[in-house]
Amino acid sequence: MSSIIQLLPDHVANQIAAGEVVQRPASVVKELVENAVDAGATEIKLIVKDAGKTLIQVIDNGKGMSVTDARLCFERHATSKIRQAEDLFSLHTKGFRGEALASIAAIAHVEMKTKQDQEELGTHIIIEGSKFVSQDVAVLPRGTSFSVKNLFFNIPARRNFLKSDTVEFRHIVDDFERVALAHPNIHFMLYHNGSEMFNLPQSNLRQRIVNVFGGKTNEKLVPVTESTEIVGIQGFVGKPEFAKKNRGEQFFFVNDRFIKSPYLHHAIMAAYEGLLKDGSQPSYFLYLDVPPHTIDINIHPTKTEIKFDDDQAMYAILRSSIKHSLGQFNVAPILDFERDASLDIPYEYKEKESETPLIQVDSNFNPFAAEIPSRAFSSSSGSSHSFGSGYKKQDSNASWESLYVGLKTAADEIDVSEIQFESEEVTGSLFGESEVETAGNRTYQIQKKYIVSPIKSGMMILYQERAHQRILYEQFLTNITMHHAASQQLLFPLELHFSPSEMVMIKELQSSLENTGFVFDAMTTEILVISGLPVNVVESEVKVLLEELLHDLQGELPENSFSQSDRIAKSMARSLSVKTGTYLTEKEQESIVNSLFACKDPNVSPFNKPTFITMGVEDLDKRFAL
Ligand code: ADP
Ligand code: MG
């Protein structure tokens, strides 16, 4: 029988390897920029056209390559970074597999120019789909320039699989930010379609973080330093009051390499315990230094995961050092028994006698006379209701009020006039006239979560939060697609700060957001000025709303405009809906019931969860028959 096994030709092997190394333009950016870092560059310029689909160029002033190396670097397993297997345990470079350039050259048109410092002339090579097209001697500056054009030109399936420019560019920015944050001592620049997106001069770590995420970041940072035998920790964590709804600003670097570690993330969240509002995410930029032989970075092909020899110790050290920093910088309360109490007295009062405070009593006060102001309840948008101001999320300085919410609502509910039986007016349109309970459709709220209402066949129980999500969702979706949302003009325009990459997303969403009623006045790379809001959004909610939206989209913009509108409508509905735990007046309950059944699809929330259930009289009879 004849043998059938053959070795694959190199260009085929390279193409297959490329599938693993190069998933999208951002992978090329990562590999080229990391090579430039490994080459000792102090200045790295990244030029991108059409989110990398047309061009990715990386220019560095690093050590360059000799003529032989220039040719060899495109061979598979060609690397200058390790020579023997043991070297894997003492890695100080980003790359080591020696397959990036071979892979990239297999699936794109690549032009490379490189010159070593001591040489007069450099080398200019063109290679397309693993085939060397030309090699010349050329006059060049020190360093290396790679241009990668027409990525995936010979793998149409891959090319077609690429997402929109916005999504692909977002991935590039993510990878660029990670390398830039790991190397503040290198000057990085990023240009996209001719305009400068980032220019990050050599600086210290703090300044680098601020340059990447915007000027406002500085005041949010609390330094963290720790040095133990198994790990050195440096970097910054965000003050809890600046915690965001999304996880965009969370970075771990181990030996200057960006990594993801749910385990260490958990350690950080544990350090913040009790300091964060529900669901909010602290920023962190943490740089761990560990002896290279105690980690295994090789367990994942794209190398963002890591394994430590002593996970548990790492967890404990990280958690305690962050706790310590938050305490030391007075972000978290600390117990300090040696504190000198005189420090607590303001300077100008130090020498003064203390006075008895005056107590002012309003002798006319009658607790039963005061009208407790009812919840703001606007009905500005005609037939469909409009919630909003009444359901303001507590901002941090108002959070003490939440302690009294229960008391206030109890008082609210005692309304003498209502103790009599109410008028038997039919207002609902729940199930069409015939279904409506003719004896009146009083609604009741249960556990600040459900609304119960009698219907002709028995009773109906609504899940208030989901029902409201459905109502808002349909309303936003109509507004976005019909372009007819009402907008409330702000007296003073609202200025919000975002990171440059968040602003890129917001710009993409601009027209959809404007269709919901937002009016954007100005946009810079970091600042968004808003002069008008959708009618059911209050000013204090805007920042959270937009953060939640960016979080929901998780850095990925939906492909077509319908799914973009859909996702915006869903996200806004989730942010703005009245939450479980919110007391609703009877009028508000009724409004939810009525508006829900005016919806196109009242049965489920926008996230496909049931919004209400009914129980027929027979069901009730059955329960009582036991
Ligand atoms: P690796 O980085 O894993 O070694 P690559 O395929 O990315 O593999 O690169 C192969 C080799 O080419 C590197 O080891 C390095 O010697 C050389 N090289 C790549 N890019 C540059 C650059 N920008 N400057 C100098 N040398 C480079
Ligand atoms: Mg490399």
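Residues numbered from 1 in each chain as written. Chains lettered and ligands numbered in written order. Predicted model: local features only at pLDDT ≥ 70, side-chain atom pairs only at ≥ 80, totals over all residues. Heavy atoms only, no water.

Looking at an unreviewed UniProt entry, the protein carries the name DNA mismatch repair protein MutL, with the source organism given as Flavobacterium cauense R2A-7. The record in UniProt for the protein states the following under Function (unreviewed entry): "This protein is involved in the repair of mismatches in DNA. It is required for dam-dependent methyl-directed DNA mismatch repair. May act as a 'molecular matchmaker', a protein that promotes the formation of a stable complex between two or more DNA-binding proteins in an ATP-dependent manner without itself being part of a final effector complex." (UniProt positions renumbered as here; feature names shortened; annotations may be inferred.)

Caption draft 1: Main features of the pairing of strand β1 (residues 43–49). Only one face of β1 is covered, namely the face carrying Ile44, Leu46 and Val48; the face carrying Glu43, Lys45, Ile47 and Lys49 is uncovered. Between β1 and strand β2 (residues 55–60), which pair antiparallel in sequence order, lie 5 residues; one of them, Asp50, sits at a positive phi of approximately 45°. (Buried < 20%, exposed > 50% of the residue type's maximum accessible area, 1.4 Å probe, protein only. Helix = DSSP H or I, 4+ residues; strand = E, 2+ residues; numbered from the N terminus. Pairing = 2+ DSSP bridges.)

Caption draft 2: The arrangement of the sheet that holds strand β16 (residues 444–446) in detail. Within the open sheet, the 4 strands sit side by side as β16-β17-β18-β22. Their pairing is antiparallel. Lying at the two open borders of the sheet, with one neighbouring strand each, are β16 and β22 (612–616). Mean inter-strand twist for the sheet, computed between neighbouring axes without regard to direction, equals 25°. Here 5 bridges tie strand β18 (residues 458–463) to β22, and the two strands are oriented antiparallel to one another. Along β22, the bridge assignment pairs Gly458 with Gly616. Its contacts with the sheet put helix α12 (residues 464–482) on β16, β17 (450–455) and β18, and the angle it makes with β18 is roughly 75°. The strands touched by helix α17 (residues 617–624) within the sheet are β18 and β22, with β22 carrying the most contacts at an inclination of about 65°. (Axes fitted to C-alpha atoms, helices over the stretch in contact; angles between N-to-C directions. Contact = heavy atoms within 4.5 Å.)

Caption draft 3: Structural detail: the sheet that holds strand β9 (residues 221–227). Strand order in the open sheet formed by 5 strands is β9-β10-β13-β11-β12, and the pairing between neighbours is mixed. The two strands at the open ends of the sheet, each matched to only one other strand, are β9 and β12 (257–259). Recorded for the sheet is a direction-independent mean angle of 20° between the axes of neighbouring strands. The strands that helix α6 (residues 165–182) touches are β11 (250–254), β12 and β13 (284–289); relative to β11, the one it contacts most, it runs at about 55°. Contacting β9, β10 (232–238), β11 and β13, helix α9 (residues 311–328) crosses the sheet at an angle of about 135° to β9.

Caption draft 4: Representation of helix α14 (residues 542–553). The terminal C-alpha atoms of α14 lie 17 Å apart, and with 12 residues this matches the ideal 16 Å at 1.5 Å per residue to within 8%. Of all the positions in α14, only Val542, Leu545, Leu546, Glu547, Glu548, Leu549, Leu550 and Leu553 are classed as buried. (Expected span 1.5 Å × (residues − 1).)

Caption draft 5: Looking closely at helix α7 (residues 205–213). By the burial criterion, the buried members of α7 are Leu205, Arg208, Ile209, Val210, Val212 and Phe213. With a side-chain oxygen positioned 3.4 Å from the backbone nitrogen of Arg206, the residue opening α7 is Asn204. Trailing α7 by a residue or two, Gly214 shows a phi angle of about 105°, which is positive. (Polar contact = N/O pair within 3.5 Å; in protein donor to acceptor, adjacent residues only side chain to side chain.)

Caption draft 6: Here's a closer look at empty space enclosed by the protein. Tallied over the full model, the rule gives 4 cavities of 30 Å³ or more. Roughly 80 Å³ of volume is contained in the second largest cavity. Around the second largest cavity, the lining is made up of 14 residues, and of these Phe213, Lys220, His497, Phe498 and Ser499 lie nearest the centre. The residue inventory of the lining of the second largest cavity, partitioned by class, reads 2 nonpolar, 5 polar and 7 charged. Residue assignment places the lining of the second largest cavity across two domains, with domain 2 (205–328) and domain 3 (445–613) each supplying three or more. (1 Å grid on protein atoms, 1.4 Å probe; cavity = no way out; pocket = protein on both sides within 12 Å on 5 of 7 lines; lining within 4 Å. Points joined across faces, edges and corners; volume = space filled by probe spheres on them. Nonpolar A, V, L, I, M, F, W, Y, C, P; charged D, E, K, R; others polar. Domains from an automatic or database assignment.)

Caption draft 7: Molecular detail of the environment of Asp60. Note on placement: Asp60 falls in strand β2. Relative accessible area serves as the criterion here: at 9%, Asp60 is assigned to the buried category. Between the C-alpha atoms of Asp60 and Gly143, which are 83 residues apart in sequence, the distance is 5.4 Å. When sequence neighbours within four positions are dropped, the list of residues in contact with Asp60 reads Ala36, Ala41, Glu43, Ile44, Arg142, Gly143 and Thr144.

Caption draft 8: Structural context of the pattern of salt bridges. A complete count under the given rule lists 14 salt bridges for this structure. The closest approach of N and O atoms between Asp174 and Arg170, which form a salt bridge, is 2.3 Å. Remark: Arg170 and Asp174 occur in helix α6; sequence separation between them is 4 residues, near one turn of the helix. Residue classification places Asp174 among the partly exposed residues on the basis of a relative accessible area of 22%. Judged by its relative accessible area of 14%, Arg170 falls in the buried class. It is possible to trace a salt-bridge network through shared partners that takes in Lys244, Glu249 and Glu502. (Salt bridge = Lys/Arg side-chain N within 4 Å of Asp/Glu carboxyl O.)

Caption draft 9: A look at the nonpolar core. Residues Phe74 and Phe188 are the most contacted members of the largest nonpolar core, which totals 61 residues. When residues in this core are grouped by element, the largest group, 8 residues, is from α6. Domain assignment of the residues forming this core places at least three in each of domain 1 (10–200) and domain 2 (205–328). Formed by 31 residues, the second largest nonpolar core is a distinct cluster that contains Leu490, Leu509, Leu513 and Phe520. (Core = buried A, V, L, I, M, F, W, Y, C linked by side-chain atoms within 4.5 Å.)

Caption draft 10: Molecular detail of the packing of aromatic side chains. All told, the structure shown has 16 aromatic pairs when counted by the stated rule. Between Phe74 and Phe132, the aromatic rings sit 6.1 Å apart at their centres with planes inclined by 80°, giving edge-to-face as the arrangement. Of the two residues, Phe74 is situated in the loop between α3 (67–72) and α4 (100–106) and Phe132 in strand β5 (residues 131–138); the sequence distance between them amounts to 58 residues. For Phe132, a relative accessible area of 28% puts it in the partly exposed group. Relative to Phe198, the ring of Phe176 has its centre 5.4 Å away and its plane inclined at 35°; by these criteria the two rings are tilted. Of this pair, Phe176 sits in helix α6 while Phe198 sits in strand β8 (residues 195–200), placing them 22 residues apart in sequence. A residue is classified by how much of its surface remains accessible, and Phe176, at 3% relative accessible area, is buried. Since its relative accessible area comes to 4%, Phe198 is described here as buried. Through a chain of ring-to-ring contacts, the aromatic side chains of Phe213, Phe251, Phe253, Phe258, Phe285 and Tyr287 assemble into a single cluster. Stacked on the ring of Tyr463, the Lys or Arg Arg466 has its end atom at 4.1 Å from the ring centre. One Lys or Arg, Lys543, reaches over the ring of Phe498 and ends 4.2 Å from the middle of that ring. (Phe/Tyr/Trp six-rings, centres within 6.5 Å; stacked < 30°, edge-to-face > 60°. Lys NZ or Arg CZ within 6 Å of the ring centre and 35° of its normal.)

Caption draft 11: Region of interest: the packing of helix α13 (residues 500–516) against α14. Across the interface, α13 lies against α14 with an axial gap of 11 Å and an inter-helix angle of 100°. The orientation of α13 with respect to α14, classified from their angle, is roughly perpendicular. Taking contact as the criterion, the partners of Glu502, Met505, Ile506, Leu509 and Leu513 in α13 are, on α14, Leu546, Leu549, Leu550 and Leu553. Of the residues in the contact of α13 with α14, the class split is 8 nonpolar, no polar and 1 charged. (Parallel < 35°, antiparallel > 145°, perpendicular 65-115°, else oblique.)

Caption draft 12: Representation of the side chain of Ser577 within the structure. Within the secondary structure, Ser577 is located in the loop between α15 (561–576) and α16 (586–597). Beyond its immediate sequence surroundings of up to four residues, Ser577 is in contact with Glu465, His468, Gln469 and Leu472.

Caption draft 13: Up close: the packing of α6 against α7. It is at 9 Å that the axes of α6 and α7 come closest, and there the two elements cross at 160°. On the basis of their axis angle, the class for α6 and α7 is roughly antiparallel. Remark: the crossing between α6 and α7 carries right-handed chirality. For the pair formed by α6 and α7, the contact residues are Glu177, Ala180 and Leu181 on the first element and Leu205, Arg208, Ile209, Val212 and Phe213 on the second. Looking at the contact of α6 with α7 residue by residue, the classes come out as 6 nonpolar, no polar and 2 charged. (Left-handed = near helix turned anticlockwise from the far one by under 90°.)

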